[in-house]
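Chain by chain, the residues run as shown.
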Amino acid sequence: MTQDTAINIIDWNDMLQMIIDDGDTVDGEAIQQKRQDFCRRIQNSGGWCVVRLDKVAATVVNDMWKCIETLFINQENDEHGLIRGFSLADASANSKLSNDKRQSGYLHVQTQLLHDHQLVPRSLKTLVGPCGMEQAASAFQLMSQLCKTFTSVVNSGERCPRDAAVLRDRLLYEMDSTLYDEPWMSGTYHRLCQYVSGELQTEIDDDTSTGRRLLRSHCDWTIATALPVSAIPGLELYDPSTKRWIRIEQVLAGMHHSNATAADAASEHNWNSQYAVVITGSWLELLTKGETKATVHRVISDPTCREQRMSAPFFMRPRESLFRQVDQEFNRAVVDDCDALDYRQAMHKLGDYLAQQ
């Protein structure tokens, strides 16, 4: 099993092996021990790990970056208004960032995958072509698998209540459409992004970072979030044990290039396509009863780089029908007048309930 202690890095196939249940066999006990060790590493790191992908998965990620590059090359042809902006000025996911280059934030298109494996919005095809749609759909499936595997491992910790584990499995794996009034309505989506560093944003200058803040420090209201490593450093993860920020993409770039072999040099993949960061979201913190904390992270620009940073965060979120599922699992009404609440309000109410269990 390959793990790098300094930044908690694990091979993708090793993490997949951890969800295999061999019962009381010798192999099963060994897997269980590895799983428990890995859970402790996640907890001590601040809720995150780096996954080193195999060649097949790296190809999917490499193709995804090509799709995103094509998307923003063709953004002037966006007749359907697919590309939206997220501005730090008003923290709005629909702000007119593209019309005000002074603001910092990012431009993005948000994709989802339907049960029939069709990617939406379908009009994205006008900007990336049929090949790009296939690349984006494959990336969605891979990121989903990463988040589900990570969640299954982390949610097997010692303090995780059995009811929460049952609920987790229903959230992640139950695909029976009879459970949902609208089975195509999922809270999970993949955001294809290009960052913009505006002239109005204040500089960051602390003991670990120098640059402009492109995304404030925060935790994701997700079960887990997968973040393919960008070629342009920017993502920073907070380490609560040292109270310092880790500029993870910069660290990985240095590690990769210092250990590069002739085979790496001849690879058709960009180095960053071989890695993805998976972080704990607030929902998973609740499901583990605080055993694993949601990861605090932010994005800071690289002052030495003139290229625009691309990113592709994948947000694994519960379905909107979660409220009825919780009622079913815990045998009590959790949200009164659920229909009168918006999704965010209802999530907070359910979060408060799970935190009290």
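This one's a predicted model, so the numbers in the text were calculated from it and none came from an experiment.

## Focus on the packing of helix α3 (residues 55–73) against helix α4 (residues 125–154)
Part 1: At a closest axis distance of 8 Å, the pairing of α3 and α4 adopts a crossing angle of 135 degrees. With respect to α4, the axis of α3 lies oblique. Both α3 and α4 take part in a crossing whose hand is left-handed. In this structure, α3 contributes Ala57, Val60, Val61, Asp63, Met64, Cys67, Thr70 and Leu71 to the contact, and α4 contributes Leu127, Val128, Gly132, Gln135, Ala136, Ser138, Ala139, Leu142 and Met143.
Part 2: Broken down by class, the residue content of the contact of α3 with α4 amounts to 12 nonpolar, four polar and one charged.

## Considerations on the environment of Thr59
Part 1: With respect to the element layout, Thr59 can be found in helix α3.
Part 2: According to the relative accessible area criterion, Thr59 is partly exposed, its value standing at 29%.
Part 3: Along the sequence, Thr59 and His269 sit 210 residues apart, while their C-alpha atoms lie 6.9 Å from each other.

## Examining unusual backbone geometry
Part 1: Omega for the bond connecting Val120 with Pro121 falls within 30 degrees of zero, at 5 degrees, which places this linkage in the cis form.
Part 2: Here Asn8, not a glycine, exhibits a phi torsion of approximately 55 degrees, which is positive.
Part 3: Tracing the backbone through its elements, the reader meets Asn8 in the loop between β1 (3–4) and β2 (9–11).
Part 4: With relative accessibility at 4%, the residue Asn8 sits in the buried group.
Part 5: Despite not being glycine, Lys243 has its phi angle at roughly 55 degrees, a positive value.
Part 6: Tracing the backbone through its elements, the reader meets Lys243 in the loop between β12 (235–239) and β13 (244–246).
Part 7: On the accessibility criterion, Lys243 (60% relative accessible area) is exposed.

## Structural notes on the packing of aromatic side chains
The geometry of two aromatic rings is summed up by the distance between their centres and the angle between their planes.
Part 1: For the structure shown, the criterion picks out six aromatic pairs.
Part 2: Pairing Phe140 with Phe314 gives two aromatic rings, centres 4.9 Å apart and planes at 80 degrees, and the pair type is edge-to-face. With Phe140 in helix α4 and Phe314 in strand β17 (residues 314–316), this pair connects stretches of sequence that are 174 residues apart.
Part 3: We classify Phe140 as buried; its relative accessible area is 8%.
Part 4: Residue Phe314 is classed as buried on the basis of its relative accessible area of 0%.
Part 5: Between Tyr189 and Phe315 the ring centres are 5.2 Å apart and the planes differ by 50 degrees, which places this aromatic pair in the tilted class.

## Observations concerning the pairing of β12
Part 1: Judged by how many residues are buried, β12 sits mostly within the fold: four of five residues are covered.
Part 2: Pairing of β12 with strand β15 (residues 297–300) involves three bridges; the strand directions are antiparallel. Bridging across to β15, Glu236 finds its partner in Arg298.
Part 3: Note that β12 and β13 share three bridges and pair antiparallel. Bridge pairing in β13 places Asp239 opposite Arg244.
Part 4: Where β12 folds back on β13, the antiparallel hairpin that results is connected by four residues, among which Lys243 adopts a positive phi of roughly 55 degrees.

## Structural notes on the pattern of salt bridges
Between side chains of opposite charge, a pair can form when the charged atoms approach closely.
Part 1: Tallied over the entire structure, the rule returns six salt bridges.
Part 2: Taking the shortest distance from any N to any O, the salt bridge between Asp37 and Arg40 comes out at 2.4 Å. Of this pair, Asp37 and Arg40 both sit in helix α2 (residues 26–45), three residues apart, which is roughly one turn of that helix.
Part 3: Asp63 is the partner of Lys66 in a salt bridge, and the nearest nitrogen-oxygen pair spans 4.0 Å. Residue Lys66 and its partner Asp63 are both found in helix α3; the two are separated by three residues, about one turn of the helix.
Part 4: Shared partners join several salt bridges into a network, and the residues in it are Glu236, Arg247 and Arg298.

## Things to note about the side chain of Ser311
Part 1: Relative to the helices and strands, Ser311 is located in strand β16 (residues 310–311).
Part 2: In this view, Ser311 contacts Trp65, Ile68, Arg191, Leu192, Cys193 and Tyr195; residues no more than four positions away in its chain are not counted.

Conventions we followed
Residues numbered from 1 in each chain as written. Predicted model: local features only at pLDDT ≥ 70, side-chain atom pairs only at ≥ 80, totals over all residues. Heavy atoms only, no water. Axes fitted to C-alpha atoms, helices over the stretch in contact; angles between N-to-C directions. Helix = DSSP H or I, 4+ residues; strand = E, 2+ residues; numbered from the N terminus. Parallel < 35°, antiparallel > 145°, perpendicular 65-115°, else oblique. Left-handed = near helix turned anticlockwise from the far one by under 90°. Contact = heavy atoms within 4.5 Å. Nonpolar A, V, L, I, M, F, W, Y, C, P; charged D, E, K, R; others polar. Buried < 20%, exposed > 50% of the residue type's maximum accessible area, 1.4 Å probe, protein only. Phe/Tyr/Trp six-rings, centres within 6.5 Å; stacked < 30°, edge-to-face > 60°. Pairing = 2+ DSSP bridges. Salt bridge = Lys/Arg side-chain N within 4 Å of Asp/Glu carboxyl O.

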